[in-house]
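# Chains, contacts and geometry: an overview
Chain residues, written in single-letter form:
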Amino acid sequence: MDYRLDSDMPAALSLRTAAHAEIRAACDNARLLPGEHAVHELRKHCKKLRALLRLIFPKENSLLQLENDRYRKLARSLSAGRDLVSIRTALLTLAPPNHFEKMHRVLHQLQRSLRDEESLIRVEGLLHEAQKRIECWPLQNIDWRDIDVGYLRGYQRAHKTWLETREGDNAHKLHQLRKRVKDHWYHCRLLRERHPQSVALRCEPLKQLAQLLGDWRDLYLLCRFAITVGEPLGEELIKLLEMGDWHKMRLRRKIEDGCAIFFAHKTLVI
């Protein structure tokens, strides 16, 4: 099922249907995809489930907050291997595979040591348990107006984070901005059928902006990892850091341009 809410359904039923579809897709990926691809897809499904939850829960709703925390912990349990994939991807954006041979060897050795099929099996079991809990989500008083309010709340969080990120090259703030942009993108995808003339038009540009932020994050992880490896990289270290910093600056300019367009106003009208 496509990641969207069916506006022809009651709001609660549409939310539950979308959540069930995400968990079914996550379980299928855990069984059918090779290790690192399964990890990537599982983490993505967890983020989409958390974005769906953030559309509907106010801070005082402890049960839905607990569900959000569970999906966050589940995704984090798979983060070590995923970070290595991100670092390798960033390395390949800097140069072809026959460059930075020492760094490629270090990454290959670490990836071999981190393979853990048991983690994927454990995560699949946790997802099956999560699917049972969906029917217990307290959605009896939720209507479509509440979901619209959640969408606007998500936009305001992204707008505020962008204002906090504009000055400097702070990696933590940029990472927070990436999360808020992805939330807003996911919310646009969920509501694009309900608001085809406003929300739907934001989906593709926000996807591209989220990708730019992800690329910046991957390069940051690569540079930080290279510094940690240090001397064994020899002459590769300085060259890698110089190229990484140049590409990060280029991405930063594109991120600023995109955010200036999509978060120009404190509030949206839908």
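Here's a quick rundown of the structure. (Residues numbered from 1 in each chain as written. Predicted model: local features only at pLDDT ≥ 70, side-chain atom pairs only at ≥ 80, totals over all residues. Heavy atoms only, no water.)

## Things to note about the overall build of the protein
- A tally of regular secondary structure across the protein gives ten helices and zero strands.
- When the helices and strands of the protein are listed from N to C terminus, the series reads α-α-α-α-α-α-α-α-α-α.
- A compact globule built from 270 residues should have a C-alpha radius of gyration of about 18 Å, and the protein, at 20 Å, falls within 12% of that.
- Along the first, second and third principal axes, the C-alpha atoms of the protein reach 60 × 45 × 30 Å.
- Out of the 270 residues belonging to the protein, those deemed buried represent 50%.
- Taking the contacts inside the protein whose residues are at least 6 apart along the sequence as the reference set, 77% of them involve residues at least 24 apart.
- Of the roughly 14,300 Å² of accessible surface on the protein, a fraction of 53% belongs to carbon and sulfur atoms.
- Each charge sign in the protein was given a centre, from 48 positive and 36 negative side chains, and these centres are 2 Å apart. (Helix = DSSP H or I, 4+ residues; strand = E, 2+ residues; numbered from the N terminus. Rg over C-alpha atoms; globule rule 2.2 N^0.38 Å. Buried < 20%, exposed > 50% of the residue type's maximum accessible area, 1.4 Å probe, protein only. Contact = heavy atoms within 4.5 Å. Areas by Shrake-Rupley, 256 points an atom, 1.4 Å probe, with all protein chains shown as cover. Lys, Arg positive; Asp, Glu negative; His and termini not counted. Charge placed at Lys NZ, Arg CZ, Asp CG, Glu CD.)

## Quick look at the nonpolar core
- The biggest cluster of nonpolar side chains holds 84 residues, and the ones touching the most others in it are Leu5, Met103, Trp137, Ile147, Leu222 and Phe263.
- Counting residues per element, this core draws most heavily on helix α9 (residues 203-229), which supplies 14 residues. (Core = buried A, V, L, I, M, F, W, Y, C linked by side-chain atoms within 4.5 Å.)

## Things to note about the side chain of aspartate 148
- Within the fold, aspartate 148 resides in helix α7 (residues 144-165).
- The contacts of aspartate 148, once residues within four sequence positions are left out, are Leu191, Arg194, His195 and Ile270.

## What to know about the pattern of salt bridges
- All chains considered together, the criterion is met by 14 salt bridges.
- Two residues, arginine 145 and aspartate 143, come together in a salt bridge whose shortest N-O distance is 3.0 Å.
- Here arginine 252 ties to glutamate 256 by a salt bridge, and the two come within 3.0 Å at their closest N and O atoms. Of the two residues, arginine 252 and glutamate 256 are both situated in helix α10 (residues 236-262); the distance of four residues between them amounts to about one turn of the helix.
- Residues joined in a network through salt bridges with shared partners are Arg54, Arg180 and Asp183. (Salt bridge = Lys/Arg side-chain N within 4 Å of Asp/Glu carboxyl O.)

## Digging into the packing of helix α8 (residues 171-191) against α9
- Viewed as axis vectors pointing N to C, α8 and α9 meet at an angle of 155°, and their least axial separation amounts to 9 Å. Taken together, the axes of α8 and α9 lie roughly antiparallel to each other. For the element pair α8 and α9, the recorded crossing hand is left-handed. Contacts between α8 and α9 involve Ala171, Leu174, His175, Leu177, Arg178, Val181, Lys182, His184, Trp185, Cys188 and Arg189 from the first element and Cys203, Leu206, Lys207, Leu209, Ala210, Leu213, Gly214, Trp216, Arg217 and Tyr220 from the second.
- Broken down by class, the residue content of the contact of α8 with α9 amounts to 13 nonpolar, three polar and five charged. (Axes fitted to C-alpha atoms, helices over the stretch in contact; angles between N-to-C directions. Parallel < 35°, antiparallel > 145°, perpendicular 65-115°, else oblique. Left-handed = near helix turned anticlockwise from the far one by under 90°. Nonpolar A, V, L, I, M, F, W, Y, C, P; charged D, E, K, R; others polar.)

## Re α8
- The end-to-end C-alpha distance of α8, which contains 21 residues, comes to 30 Å, matching closely the 30 Å that a straight helix rising 1.5 Å per residue would cover.
- Taken across its 21 residues, α8 has 16 buried, putting it largely inside the fold.
- The N-cap residue of α8 is asparagine 170: its side-chain oxygen and the backbone nitrogen of histidine 172 are 3.0 Å apart. (Expected span 1.5 Å × (residues − 1). Polar contact = N/O pair within 3.5 Å; in protein donor to acceptor, adjacent residues only side chain to side chain.)

## Notes on the packing of aromatic side chains
- Inspection of the entire model under this criterion finds four aromatic pairs.
- For the pair tryptophan 216 and tyrosine 220, a centre-to-centre distance of 5.7 Å together with 10° between the ring planes defines the contact as stacked. Here tyrosine 220 and tryptophan 216 lie together in helix α9, a separation of four residues that amounts to about one turn.
- On the accessibility criterion, tyrosine 220 (21% relative accessible area) is partly exposed.
- One aromatic cluster is present, formed by Tyr3, Trp185 and Tyr186 through successive ring pairs.
- In this arrangement the basic side chain of lysine 48 is found over the ring face of tyrosine 3, its NZ or CZ atom lying 4.7 Å from the centre. (Phe/Tyr/Trp six-rings, centres within 6.5 Å; stacked < 30°, edge-to-face > 60°. Lys NZ or Arg CZ within 6 Å of the ring centre and 35° of its normal.)

## Focus on the state of the cysteines
- Across all of its chains, the model carries zero disulfides by this definition.
- Cysteine 46 takes part in no disulfide bond, and the closest cysteine sulfur, belonging to cysteine 27, lies 10.0 Å away.
- In this model cysteine 188 remains outside any disulfide bridge; the closest cysteine sulfur is found in cysteine 203, 5.2 Å from its own.
- For cysteine 188, a relative accessible area of 0% puts it in the buried group. (Disulfide = S-S within 2.5 Å.)

## Here's the deal with the environment of isoleucine 23
- If you trace the backbone, isoleucine 23 turns up in helix α1 (residues 11-32).
- By relative accessible area, isoleucine 23 is classed as buried at 0%.
- As a C-alpha pair, isoleucine 23 and leucine 42 span 19 residues in sequence and 9.1 Å in three-dimensional space.
- The contacts of isoleucine 23, once residues within four sequence positions are left out, are Leu49, Tyr71, Leu127, Ala130, Gln131 and Ile134.

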